[in-house]
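Overview (structure and organization)
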Amino acid sequence: MDEQDLEALADEIRRADATVAFTGAGISAPSGIPTFRDDGGVWERFEEGQFTYGRFRSDPVGFWRDRLELQRELFGGEYEPNAAHEALADLGRSGHLAAVITQNTDGLHEEAHEEVRAPADGETAILELHGNSQRAACDDCGFRIDGDEAFERAETGELPPTCDCGGVFKPDVVLFGERLPPAVLQRSRRLARESDVFLAIGSSLAVEPAASLPRNAAARGATLAVINLEPTPRDDDAEYVFREDVTDVLPALRSAVESA
Ligand code: NAD
């Protein structure tokens, strides 16, 4: 790891009014949750077409069967926040992180922040752009239940799991063909525009809005840092590129920020 870059970035974070972290599947890979697009990623065994909103509506039984398989594949094991989630939570606690915007649906940021949060701490906003698999919501009336309950009901034969109102429960995630939640997206865009430092972490930055949030932040004058094992389309806009594991870079960055 380039120590000089790390110190310089830490210094910028210390002086920033607002640092924003944007995370993708790569931050949860060390927790044992596979990514989608890497070699060996989930998309080698599934297709987007299985998980569209159109399919959920037209073939809820088939959708839920496939979704159960995907759920086992992604979240089947025991998993918990790793050192990278924890480092971001610590930066939040020490007042150095305004927000985490995530594409992940695993709930691990929320969990890590809850573990370190004390009542007097500044709040780090956590924005889940793609929803949260730990919840399910009725597609008709919006009634929410625990995701585990919905998956358990499906697994034990209730296909599809159905609400008392007669509607079908849907994992509370944004399916292909669905709009991102407008309020969350708007707030994310505003945070990106207003950030002084924007950290793009564990994301291929290949799809919207992942591609444009860091670009717009940099265009508005934010310092952009990319932390990802592979090159991304935004590396050229970045002042700092760490092509290393998130669990190495983020704890080191936290120590550098908090050591001064
Ligand atoms: P992606 O799968 O397209 O890319 C992940 C990136 O992370 C890759 O470029 C890879 O090089 C990098 N990476 C993997 N392990 C890393 C590590 N230890 N340290 C640093 N970098 C690492 O992921 P994406 O861009 O986030 O898009 C995938 C979509 O799939 C997202 O929209 C997300 O909703 C969904 N998804 C979520 C989860 C989850 O909730 N944990 C898991 C898989 C996919």
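Conventions we followed
Residues numbered from 1 in each chain as written. Predicted model: local features only at pLDDT ≥ 70, side-chain atom pairs only at ≥ 80, totals over all residues. Heavy atoms only, no water. Domains from an automatic or database assignment. Contact = heavy atoms within 4.5 Å. Buried area = accessible area lost by both parts, 1.4 Å probe. Salt bridge = Lys/Arg side-chain N within 4 Å of Asp/Glu carboxyl O. Polar contact = N/O pair within 3.5 Å; in protein donor to acceptor, adjacent residues only side chain to side chain. Nonpolar A, V, L, I, M, F, W, Y, C, P; charged D, E, K, R; others polar. Buried < 20%, exposed > 50% of the residue type's maximum accessible area, 1.4 Å probe, protein only. Helix = DSSP H or I, 4+ residues; strand = E, 2+ residues; numbered from the N terminus. Pairing = 2+ DSSP bridges. Phe/Tyr/Trp six-rings, centres within 6.5 Å; stacked < 30°, edge-to-face > 60°. Axes fitted to C-alpha atoms, helices over the stretch in contact; angles between N-to-C directions. Near = heavy atom within 4 Å. Areas by Shrake-Rupley, 256 points an atom, 1.4 Å probe, with all protein chains shown as cover. 1 Å grid on protein atoms, 1.4 Å probe; cavity = no way out; pocket = protein on both sides within 12 Å on 5 of 7 lines; lining within 4 Å. Sits in = over half its atoms within 2 Å of the grid points. Parallel < 35°, antiparallel > 145°, perpendicular 65-115°, else oblique. Left-handed = near helix turned anticlockwise from the far one by under 90°.

Let's shift gears to the domain arrangement of the protein. As assigned here, the protein comprises domain 1 (1-33 + 81-130 + 180-260) and domain 2 (34-78 + 136-173). Relative placement of domain 1 and domain 2: their C-alpha centres are 28 Å apart. Contact with domain 1, which involves 11 residues of that partner, is made by 8 residues of domain 2. Between domain 1 and domain 2, a total of about 710 Å² is buried, with carbon and sulfur atoms accounting for 60% of that surface. Applying the counting criterion to the domain 1 and domain 2 interface returns 0 salt bridges. Scanning the region where domain 1 abuts domain 2 turns up 0 residue pairs in polar contact (both at pLDDT 80 or more). Of the residues that constitute the side of domain 1 that touches domain 2, the class distribution is 4 nonpolar, 5 polar and 2 charged.

So, about the pairing of strand 1 (residues 19-23). Counting buried positions along strand 1 gives 5 out of 5 residues, so the element sits mostly inside the fold. Where burial is concerned, the two faces of strand 1 agree: the one with Thr-19, Ala-21 and Thr-23 and the one with Val-20 and Phe-22 are both buried. Sheet topology note: the strand 1/strand 7 (residues 197-201) ladder contains 5 bridges and is parallel. When the sheet's bridge partners are listed, Thr-19 is paired in strand 7 with Val-197. In the sheet, strand 1 pairs with strand 2 (residues 99-102) via 4 bridges, with the strands oriented parallel. Along strand 2, the bridge assignment pairs Phe-22 with Ile-101.

This part takes up the packing of aromatic side chains. Inspection of every chain in the model, using the stated rule, returns 8 aromatic pairs. Measuring from ring centre to ring centre gives 6.2 Å for Phe-22 and Phe-198, while their planes differ by 25°; the resulting arrangement is stacked. With Phe-22 in strand 1 and Phe-198 in strand 7, this residue pair connects regions lying 176 residues apart in the sequence. Each member of the pair, Phe-22 as well as Phe-198, carries the same accessibility label: buried. Between Phe-56 and Phe-63, the aromatic rings sit 5.3 Å apart at their centres with planes inclined by 80°, giving edge-to-face as the arrangement. Just as Phe-56 is buried, Phe-63 falls in that class too. In this structure an aromatic cluster arises from ring pairing among Phe-46, Phe-51, Tyr-53, Phe-56, Phe-63, Trp-64 and Phe-151.

Moving on, we come to the sheet that holds strand 8 (residues 223-227). Spatial ordering of the open sheet is given by 3-2-1-7-8-9, a layout of 6 strands whose pairing is parallel. Unpaired on one side and paired on the other, strand 3 (125-128) and strand 9 (240-242) mark the two borders of the sheet. With strand direction ignored, the average angle separating the axes of adjacent strands in the sheet is 15°. Sheet topology places strand 7 next to strand 8; 5 bridges connect them, and they run parallel. Across the sheet, Phe-198 pairs through a bridge with Leu-224, a residue of strand 8. The strands touched by helix 1 (residues 3-15) are strand 1, strand 7, strand 8 and strand 9; relative to strand 9, the strand with the most contacts, the crossing angle is about 125°. Contacting strand 1, strand 2, strand 7 and strand 8, helix 8 (residues 212-219) runs over the sheet at an angle of about 155° to strand 7.

The full set close to the ligand counts 28 residues, and Ala-25, Gln-103, Asp-106, His-130 and Ser-204 are the nearest of them. Protein chains shield 95% of the accessible area of the ligand, which is 860 Å² for the free molecule. When atom positions are compared with the pocket grids, the ligand is found to occupy the largest pocket. Here the residues of the shell around the ligand sort into 10 nonpolar, 12 polar and 6 charged. Each of domain 1 (1-33 + 81-130 + 180-260) and domain 2 (34-78 + 136-173) gives at least three residues to the shell around the ligand.

The subject of this paragraph is the sheet that holds strand 6 (residues 169-173). If you trace the 3 strands from one edge of the open sheet to the other, you get 5-4-6, paired in antiparallel fashion. The outermost strands of the open sheet, each flanked by one partner alone, are strand 5 (144-146) and strand 6. Averaged over all adjacent pairs, the angle separating strand axes in this sheet is 40°, with direction ignored. Across 4 bridges, the pairing between strand 4 (residues 131-138) and strand 6 is antiparallel.

A separate point is the packing of helix 4 (residues 83-93) against helix 5 (residues 108-116). The interhelical angle for the contact between helix 4 and helix 5, taken along N-to-C directions, is 50°, at an axis separation of 9 Å. If you check the angle between helix 4 and helix 5, you find them oblique. Where helix 4 crosses over helix 5, the two elements pack in a sense that is right-handed. Two secondary-structure elements touch here, helix 4 through His-85, Glu-86, Leu-88, Ala-89, Asp-90 and Arg-93 and helix 5 through Leu-108, His-109, Ala-112, His-113, Glu-115 and Val-116. Its residues placed into classes, the contact of helix 4 with helix 5 shows 5 nonpolar, 3 polar and 4 charged.

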